Amino acid sequence: MNEKKDYLLEVKNLRTSFFTSNGEVKAVNNVSFHVNRGEVVAIVGESGCGKSVTQMSIMQLVQSPPGKILGGEVNFNGKNLLKYGPNSKEMRSIRGNKIAMIFQEPMTALDPVMTIGAQLVEVIRTHRKVSKKEALVIAEKALDSVGIPDAKARLSNYPFEMSGGMRQRAMIATAVACESELLIADEPTTALDVTTQAQVMELLVDIVHKRNMSLIIVTHNLGVVNRYADRIYVMYAGHVVEQGTTEQILKHPNHPYTEGLLASVPKLEEEVGEKLVPIPGTPPNLTDIPDICPFIPRCRYACDKCRNSVMPPLERTGESGRYLACYVDIHADDVNEVKDNG
Amino acid sequence: MGKFILRRLGISLIIVFLVSLFAFSLMHILPGDPARLALGEEASEEDVQALREELNLDKPLPVQYWLWIKGLFTGDMGYSIIYNRSVKEMLTEKIPRTLSLGIPSLIISSVLGITFGVLSAIKRGKWIDQLITFLATLGAGTPVFWIGIILMYFFGVKLRILPISGWTSPAVDFTKYVRQALMPVFCLSLHLTASISRQTRANMLDVVNQDYIRTCRANGINERSVIFRHALRNTLIPIITIIALQIRQVIGGSLMVEQVFNIPGIGLMVKQGIMGRDYLVVQSSVLIISLVTTVCNVFVDILYGLVNPQIRKSWG
């Protein structure tokens, strides 16, 4: 059976750099991942690890200059989107239509001088040959389906008349209205307060499941990941360092970075007074970075092999569907662990 | 909205009142006796005194102020002691001249300034942006009287293709009006075009980096709509302020340009009034200019509301 055909999105060896006055910043460095139909995939990592730039590269929305997609493939429904130019008609007919994207800041993500209705109608009419009236009906239905009460009245509201949660719902409504196949949510709940976060996440996952859409959640919130994601990709310094199902990764992290990430999250079952373990050091500067494992300076397992070898490739491990980019088996008995790295 | 306009008009009334006090005080603080200046050095003290009494200059200042204001309400703006004509008549004659240059320059600089600014922003860093930036800096830095004289010398004296100075009513001879107005309008528009284009460029660059523009692009909206429907509208809101600030010049005239091109408009009239202590001419014209300016500003505020829903909704 050829599993490959089922991928809705397959990113292969994607490389995106920013060319600044200080040199080349390799924001996305040979990243590969895939999303199946109906699947919720989480991309996890610290700020600046390239997770958002990866998504912007899929949509070809990386600002150029200074950004540039240097290579790789973005196969969506079997077609390599990178063959089309960022401003091409083909790419525009994908954006907001087949692939919808919602962003971190709902407060500023909508045009302040246009009504919600007008903005939805504009997107709908960009992708569907419908009249204004029909588009308004679609927009109203979409708003209703994302749980915005009194949708018809809301159509004539301006963004500033809505709360952050409502605006994020309105953004999701765009994806619903255009019947997108893939929704990319770039830290969709980071800017919202905690109760709203849960509501918006529930809504997102509900919509995605009901409509057989796929969802990519970009986040650093492991709670969100644990609850909603089917599979996880862990990114560090522009690389995918570990990949697996949510259960595999969260229960048995194999990469030292993933392990550190999980250890730094508070858990309810932990005893009161127990200290959180931060990952020592800071993420590396990605300017003109050498081709070795970027986590070495912060890694407590780093050995001579790590220091003398190139970046370990992301390779399949024993467990099915599980990949790892690390030379060290951190669970081995003879692992040389530096206990106190601080 | 009605309440908002009423409140704004109320504030305007207070402003106009303060301007009237100010103009009145200034004219009466200035050294020099209007009656003496009007009659000349040779006139006898009796004649001067008689004129003072006729002009009510011997009365206490509050009374003089009151008489002036009272006159205004009955449509009497007083008489010019230099030209011996009613101020109203003089204003009716000179306002159209000033407007006939001010309005075209306001329109031209708005259209050109916004066009150049947008062009400059969307072609950022390209040669066209650099050219516009260079021209705008040059335009903003060139003194109006200097460029006026240079233009006159070049087009009027050397090439002899444009009349050097003067003004003709467009109703009388439109072609002549256009030929005479070309250089003054250019001078009036120069600074404004430069500052509007710089400001538009800066605003536009700020707006295109906003999240909602990214949203538009992420939604597949074509670049033309992104720029003209979304970015431009948000860019223009602050530009309205810059244009609105120029309304005073449109009504009050530019002394420099009127002086250089010898156009007998409001600017020149007020200047001559100040020199000759023709106090009623100055007071009344300043008041009329401020009245029209404040009323225009109310309209500008309404315009703000039309382009910015957040302001509109705050009116209730």
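My aim in this report is to walk through the structure given alongside it, one point at a time.

Definitions and cut-offs
Residues numbered from 1 in each chain as written. Chains lettered and ligands numbered in written order. Predicted model: local features only at pLDDT ≥ 70, side-chain atom pairs only at ≥ 80, totals over all residues. Heavy atoms only, no water. Pairing = 2+ DSSP bridges. Helix = DSSP H or I, 4+ residues; strand = E, 2+ residues; numbered from the N terminus. Contact = heavy atoms within 4.5 Å. Axes fitted to C-alpha atoms, helices over the stretch in contact; angles between N-to-C directions. Patch = residues over 30% accessible without salt bridge, like charges linked within 9 Å, V, L, I, M, F, W, Y side chains within 5 Å. Areas by Shrake-Rupley, 256 points an atom, 1.4 Å probe, with all protein chains shown as cover. Salt bridge = Lys/Arg side-chain N within 4 Å of Asp/Glu carboxyl O. Buried < 20%, exposed > 50% of the residue type's maximum accessible area, 1.4 Å probe, protein only. Buried area = accessible area lost by both parts, 1.4 Å probe. 1 Å grid on protein atoms, 1.4 Å probe; cavity = no way out; pocket = protein on both sides within 12 Å on 5 of 7 lines; lining within 4 Å. Points joined across faces, edges and corners; volume = space filled by probe spheres on them. Nonpolar A, V, L, I, M, F, W, Y, C, P; charged D, E, K, R; others polar. Expected span 1.5 Å × (residues − 1). Arc of directions from axis to C-beta. Core = buried A, V, L, I, M, F, W, Y, C linked by side-chain atoms within 4.5 Å.

1. Side note on the sheet that holds strand S9 (residues 231–236) of chain A
The pairing of strands in a sheet comes from backbone hydrogen bonds and takes either a parallel or an antiparallel form. All names here are of chain A. Read across the sheet, eight strands follow the order S6-S7-S8-S3-S9-S10-S12-S11 without closing on themselves; strand pairing throughout is mixed. The open sheet has two free edges, formed respectively by strand S6 (99–102) and strand S11 (315–316), since each of these has just one partner strand. Judged from the five bridges that link them, strand S7 (residues 182–186) and strand S8 (residues 214–219) form a sheet pairing that is parallel. Among the inter-strand pairings, Ile184 is bridged to a residue of S8, identified as Ile216. Those strands touched by helix H7 (residues 194–210) are strand S3 (40–44), S6, S7 and S8, and its axis lies near 155° from that of S8.

2. Quick word on a nonpolar patch on the surface
Residues and elements named next belong to chain B. A cluster of nonpolar side chains, namely Tyr153, Phe154, Val157, Leu159, Ile161 and Ile164, defines an oily patch on the protein surface of about 540 Å² accessible area. In this structure, Ile164 sits in the loop between helix H7 (144–158) and helix H8 (174–208). Taking relative accessible area as the criterion, Ile164 reaches 37% and is therefore assigned partly exposed.

3. What about the interface of chain A and chain B?
Taken together, the contact pairs 28 residues of chain A with 22 residues of chain B. Taking both partners together, chain A and chain B bury about 2200 Å²; carbon and sulfur atoms supply 56% of that area. Three residues, Val113, Glu122 and Phe160 of chain A, lead the burial of chain A against chain B; their summed loss comes to 27% of the area buried on that side. Our enumeration of links across chain A and chain B arrives at two salt bridges. Close ionic contact of Glu122 of chain A with Arg229 of chain B constitutes a salt bridge, the shortest N to O distance being 3.6 Å. Sorting the residues of the side of chain A that touches chain B by element identifies S6, helix H3 (116–127) and helix H6 (164–177) of chain A as the ones contributing at least two each. By residue number, the principal contributor to the side of chain A that touches chain B is H3 of chain A, which donates four residues.

4. A few points about the layout of surface pockets
As a volume, the largest pocket reaches approximately 1400 Å³. What lines the largest pocket is a set of 39 residues, and nearest its centre among them are Leu61, Val62, Gln63 and Ser64 of chain A together with Arg217 of chain B. Those elements giving two or more residues to the lining of the largest pocket turn out to be helix H1 (51–58) and strand S4 (67–76) of chain A together with helix H5 (87–122), H8, helix H9 (211–218) and helix H10 (223–245) of chain B. It is H10 of chain B that provides the largest number of residues to the lining of the largest pocket, a total of four residues. Of the residues contributing to the lining of the largest pocket, the split by class is 17 nonpolar, nine polar and 13 charged. As a volume, the second largest pocket reaches approximately 640 Å³. In this structure, the second largest pocket is lined by 28 residues; those nearest its centre are Ser32, Phe33, Gln243, Leu314 and Tyr323 of chain A.

5. Some details on helix H4 (residues 61–73) of chain B
All names here are of chain B. Over its 13 residues, H4 runs 19 Å from end to end, which matches the ideal 18 Å to within 8%, given 1.5 Å per residue. When we look at burial in H4, the residues that qualify are Gln64, Tyr65, Trp68, Ile69 and Gly71. The buried side chains of H4 occupy one side of the element, clustering within an arc of 155° when seen end-on. Exposed and facing more than 90 degrees away from the buried side of H4 are Pro62, Trp66 and Phe73. If you follow the buried residues of H4, they end up packed against helix H1 (2–29) and helix H14 (279–307). Directly after H4, the chain includes Gly75, whose backbone phi takes a positive value near 85°.

6. Focus: the nonpolar core
In summary, soluble globular proteins display a tendency toward joint burial of nonpolar side chains. Grouped together as the largest cluster of nonpolar side chains are 106 residues, with contacts concentrated most on Leu9 and Phe33 of chain A. When residues of this core are assigned to their parent elements, the largest contribution, eight residues, is made by H6 of chain A. Excluding residues within four positions of it along the chain, Phe33 of chain A makes contact with Leu9, Glu10, Val11, Ile43, Thr54, Gln55, Ile58, Ile216 and Tyr233 of chain A. In terms of nonpolar packing, the next biggest core, distinct from the first, is built from 32 residues, Val87, Ile247, Tyr279 and Val281 of chain B among them.

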